[in-house]
Amino acid sequence: MTVTSETHPGSPEHDRQVRLSAQVELVRSGFRNGVVAPVEARIAQLEQLRRFLVEHEPAITAALHSDLGKSAIEAYLTEVVTTTNEIGHALAHIRSWTAPRKVSLPMHQRPGTGRIVPEPLGTVLIITPWNYPLHLALAPLVPILAAGNTAVLKPSEIAPATSELLAARLGEYLDPAAVQVVTGGVDEATALLAEPFDHIFYTGNGTTAKVVMRAAAEHLTPVTLELGGKSPAIVTASADIAVSARRIAWGKWLNVGQTCIAPDYVLVDERVADEFVAAVGAAVNEFYGADVAASPDYGRIVSTRHFDRLTALLDGGGYDSVAIGGTPDRDARYFPPTVLTGVDAAAAVMSEEIFGPILPVLTTRQLDDAIEFVNGRAKPLATYVFAADAAEADRVVAETSSGAVVVNHTLLHFGVPGFPFGGVGASGMGRYHGQFGFDTFSHGKPVLRRGTKPDPKLGYPPYTSFKQKLLRKLL
């Protein structure tokens, strides 16, 4: 067990560290004892994970509604089925993923054989956020188990109902020597980061990611960081404005904007800007009705702290008008869909990831301006471009850098198990989903086999002039 130097026996900090160290040691021992080493054992754990999701869907739905006000169908679409699809994809491909891959040897290394053998890393720490507290806890667990690792899962204390559900019920389905759930807040996360893991997977914000990286550096532990950033939506003059507005509105206000890949702001061609804003208003009315607060399909801000943060962004000014909005209710944590127009690039809402239901709309004169604007900022997790002109979309794909690009829609790339998911630059490092996740949590170990005969002396000293000439010709 690892106990930090700042603790002393009998103190709460010491007791916490001892308890958490024991949980970590349980799964580390589980890895050493091979609880998920055989492929059949990995398959069994993944099937059990799917059983948990199916059998506890009502409890999951209730927990997500308690934490975020999610409707049952939104909980299913964004948390449950996205995770079961990842499991299904892994189960369909796990045997091919785990199979050694043949590598052709150069002529001078023959006769012999070369293989890349995937081996698990060990024990992985998963630290998850609150916005999709079920999916973002369990989706990385899928490739971790598929690759033969064990894990410690630290769900977010800001989504307490979901966190407690995972802690109380997941152990009924998964081998406790394979997966442990640790609840709690910053103190527990800090204590876990003091432990030596073989990989750390963190989803959240850049500030905390730096803390994770510093802690990981103490043990030379590799990290995967799934962060965020200000994902732009570019709307060109050629776009179908009604469809573009509807799809941006859906992507923005799903989960009340508390989505790392939500459109954070819109760059719209000035020739269609008024039409676009009007179409967004029509989409909001179509989705949620005249009284958005009464809609069962519109959730709530996760906490009053985040509610106040959003209010402060609005109070920061830097825009001409609230084209679409309403009256927020702090007690109910209700924050209406809000569209700002005449937004200055230096406005408060443009200084950080909004992570809420505020949509700034900025106008551009031409596509060049939009591309230049995006490239002048940190690389986002996603870029969305709406254009009927394929050449315009191709330019955005080719001339900007982001974790992913979606043409004429939003968010959908996240639900493709065959796509890698991850950021670039400030929006993250590393990737997962499907085989990309399996590879992240595996070490591809090269294995070269040679026979003992023949054993020509050409490669051994002394290197005569004849040997040197021949080696230079052969290699």
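Just above, that's the structure.
Definitions and limits used
Residues numbered from 1 in each chain as written. Predicted model: local features only at pLDDT ≥ 70, side-chain atom pairs only at ≥ 80, totals over all residues. Heavy atoms only, no water. Salt bridge = Lys/Arg side-chain N within 4 Å of Asp/Glu carboxyl O. Buried < 20%, exposed > 50% of the residue type's maximum accessible area, 1.4 Å probe, protein only. Pairing = 2+ DSSP bridges. Helix = DSSP H or I, 4+ residues; strand = E, 2+ residues; numbered from the N terminus. Axes fitted to C-alpha atoms, helices over the stretch in contact; angles between N-to-C directions. Parallel < 35°, antiparallel > 145°, perpendicular 65-115°, else oblique. Contact = heavy atoms within 4.5 Å. Nonpolar A, V, L, I, M, F, W, Y, C, P; charged D, E, K, R; others polar.

**Looking at the pattern of salt bridges**
A side chain of one charge can pair with a side chain of the opposite charge when the charged atoms of the two come close.
Moving on, step 1. Within the structure shown, the criterion is met by 18 salt bridges.
Moving on, step 2. Two residues, Glu79 and Lys70, come together in a salt bridge whose shortest N-O distance is 2.5 Å. Both residues of the pair, Glu79 and Lys70, belong to the buried class.
Moving on, step 3. Residues joined in a network through salt bridges with shared partners are Arg16, Asp187 and Glu188.

**Observations concerning the sheet that holds strand β10 (residues 321-324)**
Moving on, step 1. Taken together, the seven strands give an open sheet; going across it, the order is β10-β11-β12-β9-β8-β13-β14, and neighbouring strands pair in mixed fashion. The sheet is open, and its two edges are formed by β10 and β14 (405-407), each paired on a single side. Ignoring which end each strand starts from, the neighbouring axes of this sheet average 25 degrees apart.
Moving on, step 2. Summarising the sheet, strand β8 (residues 232-235) and strand β9 (residues 265-269) pair through four bridges and their orientation is parallel. By the bridge assignment for β9, Ile234 is matched with Leu267.

**A short note on the packing of helix α2 (residues 39-55) against helix α4 (residues 72-98)**
Moving on, step 1. Orientation of α2 relative to α4, taken along the N-to-C sense of each, is 170 degrees, at an axis distance of 10 Å. Judged by the inter-axis angle, α2 sits roughly antiparallel to α4. Every residue of α4 that contacts α2 at Val39, Glu40, Arg42, Ile43, Leu46, Glu47, Leu49, Arg50 and Leu53 is listed here: Val80, Thr83, Thr84, Ile87, Gly88, Ala90, Leu91, Ile94, Arg95 and Thr98.
Moving on, step 2. Taken together, the residues of the contact of α2 with α4 break down into 10 nonpolar, four polar and five charged.

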